[in-house]
2 protein chains.
Amino acid sequence: MNEHELQSYARLVLSVGANMQAGQDVTVNAMLEHAPLARALAEEAYAMGARYVDIWYWDPHAKRSRIRHAPNDTLGWTPPWLDARHEYTAEHRSANIGIVGDPEPDLLVEVDPTRAAIDRMPFLASRLTANMSGAVNWTIVPWPTAGWASTAFGEPDVDRLWGYLRAFLRLDQPDPVAAWNEHVERLTTRAAQMNERGFDALHYRRPGTDLTVGLMPDARWSAAEMKTHWGVTFRPNLPTEEIFTAPDRRRADGVIRSTRPLATGGTVVRDLEVSFSGGVVTDVKASTGADIVRGQLEADEGARHLGELALVDGSSPIGKSGVVFFDTLLDENATCHIAYGAGIPTALEDAAALSTEERLARGLNHSKVHTDFMVGSPELEVDGVTRDGDRIPILRDEVWQLGG
Amino acid sequence: MNEHELQSYARLVLSVGANMQAGQDVTVNAMLEHAPLARALAEEAYAMGARYVDIWYWDPHAKRSRIRHAPNDTLGWTPPWLDARHEYTAEHRSANIGIVGDPEPDLLVEVDPTRAAIDRMPFLASRLTANMSGAVNWTIVPWPTAGWASTAFGEPDVDRLWGYLRAFLRLDQPDPVAAWNEHVERLTTRAAQMNERGFDALHYRRPGTDLTVGLMPDARWSAAEMKTHWGVTFRPNLPTEEIFTAPDRRRADGVIRSTRPLATGGTVVRDLEVSFSGGVVTDVKASTGADIVRGQLEADEGARHLGELALVDGSSPIGKSGVVFFDTLLDENATCHIAYGAGIPTALEDAAALSTEERLARGLNHSKVHTDFMVGSPELEVDGVTRDGDRIPILRDEVWQLGG
């Protein structure tokens, strides 16, 4: 990547992604290997009028040492000054940028998974709360690292990975900003179609999967964009190919199988199969990493309920690439996915005015975890179930079925 | 450096340097290029019983972008969560470790020095206050980086730099810990000699230098070791070759010239010459970087007063190497130095019980800055002035003159 591409990417992240406003503080969460992008973001953010740019570099090697050696009853502790940092971003309406692209996805493979599941660093509840508060305009974006390229391709070919990312990010388009605006419009239209239909539930069906998930009567589908309660529209993920909502946390019955590996907390979870009854996870199976998922499900009561449903059709350039990237940001935009844990609050128009108890009473889940896993494939049939019990096809062979 | 050397170094830092106690939190302040040592410290600290190890990586590139672009009236702002982090270390008696070895000493050469002087990051007053509080056992240690090696040698020869550091750190000794204990004993004896004499002032004299600095009647000289108010002895610098005290902030008259370059805040200050009258800096000259020093002296009222006097004789292996390392930790241990800004509180036995006002009334300086610069050379004559006005030679031709 040359200097010009890096600068273009940083500007795209700040304008199309976070939609940073002049005078805002900017928080960047990165790993050491993301420094080129973090530094470019700082330079461009200040040039665009940022007040202060705070880069925080997370080092998973310290986490590994902690899980190896620290007393068990200390592993759940998290530094209060990091909570203070995240609370600051909500109080002062910062722009938050997260960089992903794990340089060492297998770093925690050999540690005790039970102990690993207790240590929640660096995914603090306070960071999730800030991003979900509606006070912060935020975005999560990828950066190609050698370790990530090795995981995806079997060799540390960063240029090849960047070649894919550049296309997914539409940086290869003559006018990336215009290309993004057009793409977002298409996704937004699709979400509006779902909102017009007002389905009561979704039904997922393929070999090994038969799951019905209830929808809240007043829940909205969203796409690509979110809006702070003070009026700034931002794109929380670059790239993005999904439309999504929060389901009714009390209504999920059946079983669903993941269709792609899930990288979480340094461990790759493969062949995940999750069973639900009455909205609650009743069983978890996986060929690798099941304990990491089980550990996350123990985090709190809400962890065992669903927080997100997302639909992606076969036009996704990520899906079309045929590559499994072992990174949620990309893989979740390759195909349909669902998440256990925190419900997306923007699913309820008035969520910002509701207490946690009121949200729960409406069916919106609450948890300190939020983990997406991929369930889409050409075989997956997704139907909308109307309040009368009719079934309307939404996805068949990865083609969007609802008309305008 | 091999894995074994790295591990030995980390253990030396934790045991001989910080003297970390089992159950303590450990704070590591590093730059990205220091990651190998930061990670080794995390691993060894946890193995030695640390409760939580918090690594904070500072990125000076973000600082450069800030100084280039951010509004002038925002440059003095510092993140409150970092103050919270430093305050936590004092409240909870953490062990703090700072890693030095600037990977890009000339990074800020082309920015506006007046604006650079307003931005105090990352040297927050709260960090200095925590370390000076007596609540924290702390140490500052070097790590060889390519950029530092280039500055010292004109080429990025990290192995050569590590060769020097290994010797200065006594890691080439059969038993580095025993070697350190012996060395510290020698320095401690020298400090005791100074305390027995109870000089009223020191007089520095060489071509271009003629400065008399008053000493507080009840001030102590220290060497190599400090002690927390809860009883843990630690070595605040590795390596260390100095004995030091805080002078009377009200008594400094004359002029003193630096004898080695001073690297501070990304700029190299050369040929510094500082004039004093009645304890206050009245003039600053330098062939490069004078504005950085002038900017620091504007930080607060105490910045213009002296906070430290340190004596180093010619037996220092750093001085004997003949290399200028362009890093205060090494260069200050090559030869005699003085510091403007915060007074070393351990100079007063009861400092922990005194308010800032009481310290000032005793003559102990208070400031948010503390900058050492080197004044020693074979030509430098240092005399102790007794309360009767007699002059006792302390250093001649870099040889220690006081007997046992």
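Everything in this summary refers to the structure shown in the same document. Because the structure is predicted, anything quoted here is derived from the model rather than measured.

Looking now at the relation of the copies chain B and chain A. Turning one copy of the chain about an axis and sliding it along that axis gives the other copy, so a rotation and a shift relate them. Note on the copies: chain B fits chain A at an RMSD of 0.0 Å, the axial shift is 0.0 Å, and the rotation between them is 180°. Such a combination of rotation and displacement between the chain copies is what one expects of a two-fold axis. Residues of chain B ranked by C-alpha distance from the rotation axis are headed by W81 of chain B, positioned 2.6 Å from it. When the interface residues of chain B are mapped onto chain A, 100% of them again lie at the interface, so the same face is used by both copies.

Moving on: the sheet that holds strand β3 (residues 95-100) of chain B. Residues and elements named next belong to chain B. One open sheet holds the 4 strands; their spatial order is β2-β1-β3-β4, and the pairing between them is parallel. Edge positions in the sheet fall to β2 (52-58) and β4 (137-142), since each of these pairs with one other strand and no more. Sheet twist, expressed as the mean angle between neighbouring strand axes with direction ignored, is 15°. Judged from the 4 bridges that link them, strand β1 (residues 25-31) and β3 form a sheet pairing that is parallel. From the neighbouring strand, V26 faces β3, where its bridge partner is A95. Most of the contacts of helix α2 (residues 35-47) go to β2, to which it runs at about 170°, and overall it touches β1, β2, β3 and β4.

Turning next to helix α4 (residues 80-91) of chain A. Along an α-helix, residues three or four positions apart point the same way, because every turn accommodates 3.6 residues. Taking 1.5 Å of rise per residue, 12 residues should cover 16 Å, and α4 of chain A covers 16 Å from first to last C-alpha, within 8% of that figure. W81, L82, R85, H86, Y88 and T89 of chain A are the residues of α4 of chain A that are buried. All buried residues of α4 of chain A fall inside an arc of 150° around its axis, so they share one side. If you follow the buried residues of α4 of chain A, they end up packed against β1 (25-31), β2 (52-58), β3 (95-100) and α6 (125-132) of chain A together with β2 and α4 (80-91) of chain B. Directly beyond the C-terminal end of α4 of chain A, a positive phi value near 55° is found at R93 of chain A.

Before going further, it helps to examine the interface of chain B and chain A. Contact with chain B, which involves 33 residues of that partner, is made by 33 residues of chain A. Interface of chain B and chain A: buried area, both sides summed, is about 3300 Å²; carbon and sulfur atoms make up 64% of it. Taken as a group, R39, Y52 and W81 of chain B account for 23% of the area that chain B buries against chain A, more than any other trio of residues on that side. Run the count over chain B and chain A and you get 4 salt bridges. One salt bridge connects D59 of chain B with R39 of chain A, and the closest N-O pair in it is separated by 2.8 Å. At the junction of chain B with chain A, the criterion picks out 12 residue pairs in polar contact (both at pLDDT 80 or more). Broken down by secondary-structure element, the contributors of at least two residues to the side of chain B that touches chain A are α2, β2, α3 (60-69) and α4 of chain B. Across the side of chain B that touches chain A, the residue classes break down as 20 nonpolar, 4 polar and 9 charged.

The rules behind these values
- Residues numbered from 1 in each chain as written.
- Chains lettered and ligands numbered in written order.
- Predicted model: local features only at pLDDT ≥ 70, side-chain atom pairs only at ≥ 80, totals over all residues.
- Heavy atoms only, no water.
- Least-squares fit on C-alpha atoms with pLDDT ≥ 70 in both.
- Contact = heavy atoms within 4.5 Å.
- Pairing = 2+ DSSP bridges.
- Helix = DSSP H or I, 4+ residues; strand = E, 2+ residues; numbered from the N terminus.
- Axes fitted to C-alpha atoms, helices over the stretch in contact; angles between N-to-C directions.
- Expected span 1.5 Å × (residues − 1).
- Buried < 20%, exposed > 50% of the residue type's maximum accessible area, 1.4 Å probe, protein only.
- Arc of directions from axis to C-beta.
- Buried area = accessible area lost by both parts, 1.4 Å probe.
- Salt bridge = Lys/Arg side-chain N within 4 Å of Asp/Glu carboxyl O.
- Polar contact = N/O pair within 3.5 Å; in protein donor to acceptor, adjacent residues only side chain to side chain.
- Nonpolar A, V, L, I, M, F, W, Y, C, P; charged D, E, K, R; others polar.

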